[in-house]
Amino acid sequence: GESVGLHLPTLSVQEGDNSIINCAYSNSASDYFIWYKQESGKGPQFIIDIRSNMDKRQGQRVTVLLNKTVKHLSLQIAATQPGDSAVYFCAERRSGGYQKVTFGTGTKLQVIP
Amino acid sequence: DTAVSQTPKYLVTQMGNDKSIKCEQNLGHDTMYWYKQDSKKFLKIMFSYNNKELIINETVPNRFSPKSPDKAHLNLHINSLELGDSAVYFCASSLISSAYTIYFGEGSWLTVV
C-alpha cells in the first residue's frame, strides 16, 4: 500500500509486506531530502537522506526515491516489521546560507502482525 | 550515554507562569536547535544556534528566549505561558557541515492549564 503526505494519514501494512510512504515537496532549492522516523513518545530519528542530484539511494531495508520533475519523494521499507510502526517525516534542507531543515507533516505507519 | 538530553520530560503549569527547559548534547556537535511539535505532529523549527551564535530565529513570540551558554547546551525559557504554548518541545543537535542529519532529544511535554 502507499500513502500521500502532507496531512497525517495512516498507512496500514501487513507484517512482511513492503511499505511505500510518499511525500510531496515544494522547494526546488533544496539540496538534501531526508526521512525521519518518530516512534511513540520519542524524538524523530534520522533514517536516510538523498542528495538532490541523485534519484535513488538504498539503505538497510529502506530505499528512498526522488523525482525532481514532479517534486516527489518516497520511502520504501522492505519486509515491514512491527518495529517499523511509527510516524515517518520527510524533510528538506534548503541550500545556501544557514541551511534550515523543514519537516513535512508526517505519515503514520501501522504494521499489522 | 544519552546523546541529546532535555529536562524536564513532562511539565504542567498554569497560564501566566514562566518556565525553562534545559538541553545538553554530548555528541560534540556545533549546532543546536529547538523544535516545537503540535498536537497534529507538525514539527516546526523555532531557533538554531551555531557555536553559541543565534543563526535561525523563526517567527516565534518574544516570550520565548533561548540561551546557549556553550555549544553543548541550549536552554529555552518561556515567559507568561499561554494555552497555545502546550506542545512537545524537542531539542536537537547536528554538525553545521551536515545539518540534515539532526539528532533529537526525547522531547519535553509542556501542558499549560
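The rules behind each value
- Residues numbered from 1 in each chain as written.
- Chains lettered and ligands numbered in written order.
- Predicted model: local features only at pLDDT ≥ 70, side-chain atom pairs only at ≥ 80, totals over all residues.
- Heavy atoms only, no water.
- Helix = DSSP H or I, 4+ residues; strand = E, 2+ residues; numbered from the N terminus.
- Rg over C-alpha atoms; globule rule 2.2 N^0.38 Å.
- Buried < 20%, exposed > 50% of the residue type's maximum accessible area, 1.4 Å probe, protein only.
- Contact = heavy atoms within 4.5 Å.
- Areas by Shrake-Rupley, 256 points an atom, 1.4 Å probe, with all protein chains shown as cover.
- Core = buried A, V, L, I, M, F, W, Y, C linked by side-chain atoms within 4.5 Å.
- Buried area = accessible area lost by both parts, 1.4 Å probe.
- Salt bridge = Lys/Arg side-chain N within 4 Å of Asp/Glu carboxyl O.
- Polar contact = N/O pair within 3.5 Å; in protein donor to acceptor, adjacent residues only side chain to side chain.
- Disulfide = S-S within 2.5 Å.
- Pairing = 2+ DSSP bridges.
- Axes fitted to C-alpha atoms, helices over the stretch in contact; angles between N-to-C directions.
- pLDDT = per-residue confidence, 0-100.
- Phe/Tyr/Trp six-rings, centres within 6.5 Å; stacked < 30°, edge-to-face > 60°.

Undergrad: Could you give an account of the overall build of chain B, with specific residues and numbers?
TA: A tally of helices and strands in chain B yields 0 helices and 11 strands. Its helices and strands taken in sequence order, chain B reads β-β-β-β-β-β-β-β-β-β-β from the N to the C terminus. Here the C-alpha radius of gyration of chain B, 13 Å, is about what a compact globule of 113 residues would show, namely 13 Å. Based on the C-alpha atoms only, the size of chain B along its principal axes is roughly 40 × 30 × 25 Å. Split into buried and exposed, the 113 residues of chain B put 49% on the buried side. Taking all contacts inside chain B whose residues are at least 6 apart in sequence as the whole, residues at least 24 apart take part in 54%. Accessible surface, chain B as shown: approximately 5,500 Å² in total, 50% of it carbon and sulfur.

Undergrad: Any chance you could break down the nonpolar core for me, citing the residues and the numbers?
TA: Ranked by size, the top nonpolar core spans 21 residues in total, and within it Tyr36, Val101 and Phe103 of chain A together with Tyr33, Tyr35, Ile102 and Phe104 of chain B carry the most contacts. Not counting residues up to four positions away in its chain, the partners in contact with Phe104 of chain B are Tyr36, Gly43, Pro44 and Phe103 of chain A together with Val4, Tyr35, Leu43, Phe90, Cys91 and Ala92 of chain B.

Undergrad: Explain the interface of chain B and chain A to me, using residue names and the numbers behind them.
TA: Where interface size is given, it is often the accessible area lost as the parts come together that is meant. Facing the 24 residues of chain B at the interface are 19 residues of chain A. Three residues, Lys41, Leu43 and Tyr100 of chain B, lead the burial of chain B against chain A; their summed loss comes to 33% of the area buried on that side. At the junction of chain B and chain A, the tally comes to 1 salt bridge. A salt bridge links Lys100 of chain A to Glu58 of chain B; the shortest N-O distance between them is 3.1 Å. Counting across the interface, chain B meets chain A through 5 residue pairs in polar contact (both at pLDDT 80 or more).

Undergrad: Can you tell me about the environment of Arg57 of chain A, naming the residues and giving the values?
TA: Residues and elements named next belong to chain A. Position of Arg57 relative to the elements: it lies in strand β6 (residues 56-58). With 18 residues separating them along the chain, Arg57 and Leu75 place their C-alpha atoms 9.9 Å apart. The contacts of Arg57, once residues within four sequence positions are left out, are Ile48, Asp49, Ile50, Val62, Thr63 and Val64. Of the polar contacts made by the side chain of Arg57, one reaches the backbone oxygen of Asp49; its length is 3.1 Å.

Undergrad: If you had to explain the state of the cysteines to someone new, which residues and values would you point to?
TA: Across all of its chains, the model carries 2 disulfides over all chains by this definition. The residue that forms a disulfide with Cys23 of chain A is Cys90 of chain A, at a sulfur-sulfur distance of 1.7 Å. Judged by the sign of its S-S torsion, about 40°, the cystine formed by Cys23 of chain A and Cys90 of chain A is right-handed. Of this pair, Cys23 of chain A sits in strand β3 (residues 19-24) while Cys90 of chain A sits in strand β9 (residues 86-94), and the two are 67 residues apart along the sequence. On the basis of relative accessible area, Cys23 of chain A is assigned to the buried category, the value being 3%. Covalently, Cys23 of chain B is tied to Cys91 of chain B through a disulfide, its sulfur atoms 1.8 Å apart.

Undergrad: Break down the sheet that holds strand β3 (residues 19-25) of chain B for me, with residues and values.
TA: In a beta sheet, neighbouring strands pair by backbone hydrogen bonds and run either parallel or antiparallel. Residue and element names in this part refer to chain B. An order of β1-β3-β8-β7 is seen for the 4 strands of this open sheet, with the pairing classed as antiparallel. In this open sheet, the two edge strands, each paired with only one partner strand, are β1 (4-7) and β7 (64-70). Pairs of neighbouring strands in the sheet enclose a mean axial angle of 15°, with direction left out of account.

Undergrad: Tell me what's going on with the pairing of strand β8 (residues 72-77) of chain A, and back it up with residues and numbers.
TA: For a regular strand, side chains alternate in direction, first toward one face of the sheet and then toward the other. Residues and elements named next belong to chain A. Pairing analysis gives 6 bridges linking β3 to β8, with the strands arranged antiparallel. The residue of β8 that forms the bridge with Ala24 is His72. Remark: 4 residues form the turn of the hairpin made by strand β7 (residues 62-67) and β8, two consecutive strands paired antiparallel; Lys71 in that turn has positive phi of roughly 55°.

Undergrad: Now, about the confidence of the model for chain A: what can you tell me, with residues and values included?
TA: Looking at chain A, pLDDT values average 89 and 90% of them are 70 or higher. Note that residues 1-6 of chain A has pLDDT below 50 and, in this model, 21 contacts with residues that lie over four places away or in other chains.

Undergrad: Talk me through the packing of aromatic side chains; I want residue IDs and the actual numbers.
TA: One pass over the structure, following the stated rule, counts 13 aromatic pairs over all chains. A centroid spacing of 5.5 Å and a plane angle of 85° characterise the contact between Phe103 of chain A and Tyr35 of chain B, whose relative ring orientation is edge-to-face. Placement of Phe103 of chain A in strand β10 (residues 101-103) and of Tyr35 of chain B in strand β4 (residues 31-37) is noted, with the two residues assigned to different chains. The class for Phe103 of chain A is buried, based on a relative accessible area of 4%. Judged by relative accessible area, Tyr35 of chain B falls into the buried class, the value being 0%.

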